[in-house]
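Fold and contact review
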Amino acid sequence: TPRGPDGQIPRITIHHLLTHTSGLGYHYPAPRKFSMGLGPSAMEFKENFTLLAEHDLLFIPGTNWLYSVGIDVLGAVLSAVHGGTLQDAVATHVTGPLGMTETGFFVAGNSRLAIPYADGNPPTVMTDPQPLTNAAGETSVFSPSRIFSDKAFQSGGAGMAGTASEIAFFLETLRKGGEPILSRPMVQCGFANQIGDLVRPVPGTKFNYFGQLIVDPVAAESPAARNSISWGGVYGHSWLVDPSNELTIVSMSNTAFEGCTGAYPNDLIRAVYADFI
C-alpha cells in the first residue's frame, strides 16, 4: 500500500478508485518502473502494482481529484474478488449477459484490429512500441500488439478493445436503466455526482462512477443537457450519454490522443446536437 504525503498509510476504497480520488496518478517522475497498461509488459498484477506502491500518493484519498491508474488497480481487485482473469470477470458480469462477443481484453486476430495512428497532420501509423506526448507534455508508450500478449496483465484502464456498435449498446443499456447487468437504483447511483464539492479541471463538471458529469452545461461549454455523462480514452475513443435527450454518442477514431482529448470529440458532439436538437 502506498504512503500518503503525510507518511501515513491511508485506506484506499473502491469508491476512491472509481472516482479518481485515491491519490494515485498516471504520470510519475523517473524512474518509474510500473506499467500504465499501454506499453509492452510481461508483469502480472501483483508485480506491477507492488512497483506502483513504491510511489507516495499525491494527496490523501478523498481530498482531491486526479485522473489516475486507479482503474487498473480496480481491475486487479475485480480479478481477485471474482477469481480468474479480469476478462473472466467482465465476461461474467457485463459482456456475457449483454451478448457483447467482440468486446474484451482480446482480439481474434490481426485482421480484426483497426490500424492505430499517432496524432499529426497527416496522422502516421503507430510504430510498436511508440512513445507519444500529449498536450500536457506527458509521455505515454503505446504498444498496439500488447492486446495479443498472454503475459502482460489485463489493463482495466487501457486494455480493452471492441466495436463502436457494442460500446454504444453497453452505454444505451446504462441510459435505459441497466438491466440485465445493473439494477435501476445502481445506475441512478452511478450517474449521480460522487465527488461532492471537489473541483475538477473542466468547469461545470463533476465525476460519478461512470465518467464526467455535466452539472452546468454553460460553464462546461457543452450542448448536452445537465446530468449528461461523457468520457473517452487513448487510441482515440470518446462517448457521451445524455439521458434527458435520450441520446448516446460513440466515436472511435484510432488516434493516439486527438480522438479523446483533442478538438475532434467536442466538434463532433456540437455537430450531432446541431442536427439533433
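We now turn to the structure provided with this report.

Reading the values: rules and limits
Residues numbered from 1 in each chain as written. Predicted model: local features only at pLDDT ≥ 70, side-chain atom pairs only at ≥ 80, totals over all residues. Heavy atoms only, no water. Pairing = 2+ DSSP bridges. Helix = DSSP H or I, 4+ residues; strand = E, 2+ residues; numbered from the N terminus. Axes fitted to C-alpha atoms, helices over the stretch in contact; angles between N-to-C directions. Contact = heavy atoms within 4.5 Å. Expected span 1.5 Å × (residues − 1). Buried < 20%, exposed > 50% of the residue type's maximum accessible area, 1.4 Å probe, protein only. Arc of directions from axis to C-beta.

As summarised here, the arrangement of the five strands in space is 5-6-7-8-9, forming an open sheet in which the pairing is antiparallel. Looking at which strands have only one partner, the edges of the open sheet turn out to be strand 5 (205-207) and strand 9 (247-252). Strand-to-strand twist of the sheet, defined as the mean angle between neighbouring strand axes without regard to direction, takes the value 20°. Taken together, the six bridges between strand 8 (residues 237-242) and strand 9 define a ladder with antiparallel strand orientation. Its bridge partner lying in strand 9, V241 is registered against T248. Strands strand 8 and strand 9 of the sheet are contacted by helix 5 (residues 164-175), whose axis makes an angle of about 150° with strand 9. Helix-sheet contacts for helix 9 (residues 263-276) involve strand 8 and strand 9, and the interaxial angle to strand 9 is about 145°.

This part takes up helix 9. With 14 residues, helix 9 ought to run about 20 Å at 1.5 Å a step, and its terminal C-alpha atoms sit 20 Å apart, in line with that. Residues P265, I269 and Y273 constitute the buried set of helix 9. On an axial view of helix 9, the arc spanned by its buried residues comes to 65°, and they lie on one face. In helix 9, those exposed residues whose orientation departs by more than 90 degrees from the buried face are A274 and D275. For helix 9, the secondary structure elements touched by its buried residues are strand 8, strand 9 and helix 8 (258-261).

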